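# Examining the three-dimensional arrangement
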Amino acid sequence: MRLSGLDRTLAALACLAGLVGVALSAAAAHIPGADSLKTAAQFLLFHAPAILALVGFGAAGLARAGLARAAAGLLVLGLVLFCGDLAVRTWLQHPLFPMAAPTGGFALMGGWLVGILGALVPARPGA
């Protein structure tokens, strides 16, 4: 199994999501009323392994690689927008940009939907 550059980038971003999730969990534990940070941390920590799994399934030929990468990319984008907006709102008291969190939420749902397709559509033989 060989990982493409895109696969490696997605895997690295998944690990970054895990790292930031742990950091935000710690921050939320020490900041009174930081429920938004707790939510962001949970989203990061729940989705990081999913991104790694999608990359691995695609690279191993267990899922359609293009769909797995698209699903992982949508999850990364969704995390940046959703969790980034929650964190910016907590610390800077303004949104990342208007509709960032809902857009991120829709990207996350889209990533899961594309993941379903990647699981159901058979991988190409020899791909």
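Remember, predicted model here, so these are calculated numbers, not experimental data.

### Some remarks on the overall build of the chain
What the chain contains, in helices and strands, is four helices and zero strands. When the helices and strands of the chain are read in sequence order from the N terminus, they spell out α-α-α-α. Considered along the principal axes of its C-alpha atoms, the chain spans approximately 55 × 25 × 20 Å. Looking at the chain residue by residue over its 127 residues, the buried ones come to 39%. Taking contacts inside the chain between residues at least 6 apart in sequence as the whole, the part at least 24 apart equals 67%. Carbon together with sulfur atoms contributes 73% to the accessible area of the chain, which is approximately 7,100 Å² in total.

### Structural notes on the pattern of salt bridges
One pass over the structure, following the stated rule, counts two salt bridges. Close ionic contact of Asp7 with Arg69 constitutes a salt bridge, the shortest N to O distance being 2.7 Å. Of this pair, Asp7 sits in helix H1 (residues 5–30) while Arg69 sits in helix H3 (residues 65–92), and the two are 62 residues apart along the sequence. Across the salt bridge formed by Arg89 and Asp85, the nearest N and O atoms sit 2.6 Å from each other. Here the residue Arg89 and the residue Asp85 both occupy positions in helix H3, the gap between them amounting to four residues, near one helical turn.

### Concerning the packing of helix H2 (residues 35–60) against H3
Taken N-terminus to C-terminus, the directions of H2 and H3 make an angle of 165 degrees; their axes are 9 Å apart at the nearest point. Put simply, H2 runs roughly antiparallel to H3. Crossing handedness for the pair H2 and H3: left-handed.

### Points about unusual backbone geometry
Phi at Gln93 takes a positive value of approximately 65 degrees, unusual for a residue other than glycine. A positive phi angle, near 70 degrees, is found at Met99, a position not held by glycine. Looking at Met99, the relative accessible area reads 55%, which means it is exposed.

### Examining the packing of aromatic side chains
Within the structure shown, the criterion is met by one aromatic pair. When the ring of Phe43 is compared with that of Phe82, the centres are 4.6 Å apart and the planes differ by 35 degrees; the resulting orientation is tilted. Here Phe82 lies in helix H3 and Phe43 lies in helix H2, a separation of 39 residues in the sequence. By relative accessible area, Phe82 is classed as buried at 15%.

### Concerning the packing of H1 against H2
In contact at an axis separation of 8 Å, H1 and H2 are set at 160 degrees when each is read in the N-to-C sense. In terms of their interaxial angle, H1 and H2 are classed as roughly antiparallel. The handedness of the crossing between H1 and H2 comes out as left-handed.

The rules behind these values
Residues numbered from 1 in each chain as written. Predicted model: local features only at pLDDT ≥ 70, side-chain atom pairs only at ≥ 80, totals over all residues. Heavy atoms only, no water. Helix = DSSP H or I, 4+ residues; strand = E, 2+ residues; numbered from the N terminus. Buried < 20%, exposed > 50% of the residue type's maximum accessible area, 1.4 Å probe, protein only. Contact = heavy atoms within 4.5 Å. Areas by Shrake-Rupley, 256 points an atom, 1.4 Å probe, with all protein chains shown as cover. Salt bridge = Lys/Arg side-chain N within 4 Å of Asp/Glu carboxyl O. Axes fitted to C-alpha atoms, helices over the stretch in contact; angles between N-to-C directions. Parallel < 35°, antiparallel > 145°, perpendicular 65-115°, else oblique. Left-handed = near helix turned anticlockwise from the far one by under 90°. Phe/Tyr/Trp six-rings, centres within 6.5 Å; stacked < 30°, edge-to-face > 60°.

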